[in-house]
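Structure at a glance
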Amino acid sequence: MQDKKYIVILGAGESGVGAALLAQKQGYEVFVSDMGTVAEKYSKELEQANISFEQNGHTEERILSATEIIKSPGIPDKAPVIKKILEKQIPILSEIEFAGRFTNAKMICITGSNGKSTTTMLIYHILKEAGLNVGLGGNIGKSFAKQVAFDTYDYYVLEISSFMLDNMYHFKADIAVLLNITPDHLDRYDYKMENYADSKFRIIQNQGKDDVFIFSTDDQEIQSGIKKREITSQAFPFSIETTLNQGAWLEGQQISINLNNKSQEPFTMSITELALQGKHNIYNSMASGIVAKVLELRNESIRNSMGSFSNIEHRLEHVAKISGIDFINDSKATNV
């Protein structure tokens, strides 16, 4: 690394400010630029840290002289300032990619079109209840970069969107979870489903034989994607349609998880005991349970955590049953 690199951060939200604070701590010269108005909470953080920033517009001269640029996942490549950055061939990174340089913690990363937040929160809950020193970040909770700057965790559970994955290159998930792939945000992918699926599969880039890939074998897009790739990591599928030799599956009303590890007993749990109910949540629970077994947590601890978890607000919350019709609050969803 050069003595003094100049890094520009586009977007002064949770991830942008966190990245700015980490970059400053690592000795970078930092400038933050936001096309909109910066929330008071974040402008105060930047001011207190003496980090230079602007709002309601971009000063191109300052941006285009950067060594690297960290951009908010919400800024599309079609934005005028991004086009100019790409023309100058300045590297564009995600906050996750940047922060990953400065921690040796184990990374548990979850992506998918649906269920990411719920599964991320459930895995975090299971690990925390088991006494692990674990942080929560990515597309949920506090900035991953800010936690790397000021906290010390042994594990991070990160919700990773496709927008984040698009600007991740050297980052590696020690445990990667791919829940499902259904049409979403296709305007960012030239309206091509294969481009969106390729983005999701970046969750396993850089993985080797000591890493773990957990995926739904019931999802046709995932199956198609696997056939096109050479998977070098340890693969553990989950299914509610098929009995598997290894991974997680549903038999009647019971989840079974078996990683064929001689030092571990298989895990079983009735779906009626799960805190999260519904077909989609059986998938989420299976994926979370495999993560817990990979980390060799005790079955009793896993069972207690999967039975005590409270789901995040506005995500498939049962509101009421009126005239035989169930009303569900799913206002957090980004697709139907």
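1. Side note on the overall build of the chain
A tally of helices and strands in the chain yields twelve helices and 16 strands. The C-alpha radius of gyration of the chain comes to 21 Å, within 12% of the 20 Å expected for a compact globule of 336 residues. Going through the 336 residues of the chain one by one, you find that 54% of them count as buried. Pairs at least 24 residues apart make up 61% of the contacts formed inside the chain by residues separated by at least 6 positions. For the chain, the exposed surface amounts to about 15800 Å²; the carbon and sulfur share of it is 46%. A gap of 2 Å separates the mean positions of the 34 positive and 42 negative side-chain charges of the chain.

2. Structural notes on the pairing of strand 6 (residues 106-111)
In terms of burial, strand 6 is a largely internal element, five of the six residues being buried. The sheet contact formed by strand 6 and strand 8 (residues 155-159) spans five bridges and is parallel. Residue isoleucine 108 lies in a different strand from strand 8, and its bridge partner there is valine 157. One ladder, built from four bridges, connects strand 6 with strand 9 (residues 175-178); its direction is parallel. Among the inter-strand pairings, threonine 111 is bridged to a residue of strand 9, identified as leucine 178.

3. Overview of the packing of helix 1 (residues 14-25) against helix 2 (residues 40-48)
Closest axis-to-axis distance for the helix 1/helix 2 pair is 10 Å, and the angle between their directions is 5°. Taken together, the axis directions place helix 1 and helix 2 in an arrangement best described as roughly parallel. Counting all contacts with helix 1, which are made through Glu14, Val17, Ala20 and Leu21, the residues of helix 2 involved are Lys41, Tyr42, Glu45 and Leu46. By residue class, the composition of the contact of helix 1 with helix 2 is five nonpolar, no polar and three charged.

4. Concerning the nonpolar core
If you look at the biggest cluster of nonpolar residues, it comprises 50 residues, and the most contacted ones within it are Val30, Phe144, Leu158 and Ile160. If near-sequence neighbours (up to four positions away) are discounted, phenylalanine 144 is found in contact with Glu95, Ile96, Ala99, Gly100, Thr103, Met107, Gly138, Tyr156, Leu158 and Phe171. Counting 42 residues, the second-largest nonpolar core is a separate cluster that includes Leu179, Met269, Ala287 and Ile290.

5. Some details on the pairing of strand 2 (residues 29-33)
A large share of strand 2 lies buried, amounting to four of its five residues. Sheet topology places strand 1 (residues 6-10) next to strand 2; five bridges connect them, and they run parallel. What sits directly across from leucine 10, in strand 2, is serine 33. Handedness of the crossover is the feature at issue here: the chain leaves strand 1, passes through helix 1, returns alongside strand 2, and the resulting connection is right-handed.

6. Some points on unusual backbone geometry
We note that asparagine 56 has phi near 60°; this positive angle belongs to a residue other than glycine. Tracing the backbone through its elements, the reader meets asparagine 56 in the loop between strand 3 (52-54) and helix 3 (60-63). Positive phi outside glycine occurs at asparagine 260, with the angle close to 55°. Mapped onto the elements of the fold, asparagine 260 is located in the loop between strand 13 (254-258) and strand 14 (267-270).

Rules of the game
- The numbering scheme is per chain: residues are counted from 1 as the chain's sequence reads.
- In keeping with the predicted nature of the model, local features appear solely for residues at pLDDT of at least 70, side-chain atom pairs appear and are counted solely at 80 or more, and the whole-chain, interface and lining totals rest on all residues.
- Hydrogens and waters are ignored; side-chain quantities use all the structure's heavy atoms.
- Helix and strand definitions follow DSSP, with helices as H or I runs of at least four residues and strands as E runs of at least two, each counted in order from the N terminus.
- We compute the radius of gyration from the C-alpha atoms alone; for a globule the expected value is 2.2 Å times N to the 0.38, where N is the number of residues.
- Think of it in three bands: residues with accessible area under 20% of the maximum for their type are buried, residues over 50% are exposed, and the middle band is partly exposed, with areas taken using a 1.4 Å probe on protein chains only.
- Any two residues whose heavy atoms approach within 4.5 Å at even a single point are treated as in contact.
- To be clear on the numbers: accessible area is Shrake-Rupley with a 1.4 Å probe, and residue cover counts the displayed protein chains and nothing else.
- Residues counted as positive are Lys and Arg, residues counted as negative are Asp and Glu, and His and the chain ends are not counted.
- Just so you know, the charge point we use is NZ for Lys, CZ for Arg, CG for Asp and CD for Glu.
- Strands qualify as paired when DSSP identifies two bridges or more between them.
- Think of each axis as a best-fit line through the C-alpha atoms, taken over the contacting stretch in the case of a helix, with angles from 0 to 180 degrees between the N-to-C directions.
- Here is the rule for angles: anything less than 35 degrees is roughly parallel, anything more than 145 is roughly antiparallel, 65 through 115 is roughly perpendicular, and the remaining ranges are oblique.
- Charged means Asp, Glu, Lys or Arg here, nonpolar means Ala, Val, Leu, Ile, Met, Phe, Trp, Tyr, Cys or Pro, and polar covers whatever is left, Gly included.
- Buried residues of nine kinds, namely Ala, Val, Leu, Ile, Met, Phe, Trp, Tyr and Cys, make up a nonpolar core once their side-chain atoms join them within 4.5 Å.
- With strands facing away from the observer, any crossover in which the path from the first strand over the helix to the second runs clockwise is taken as right-handed.

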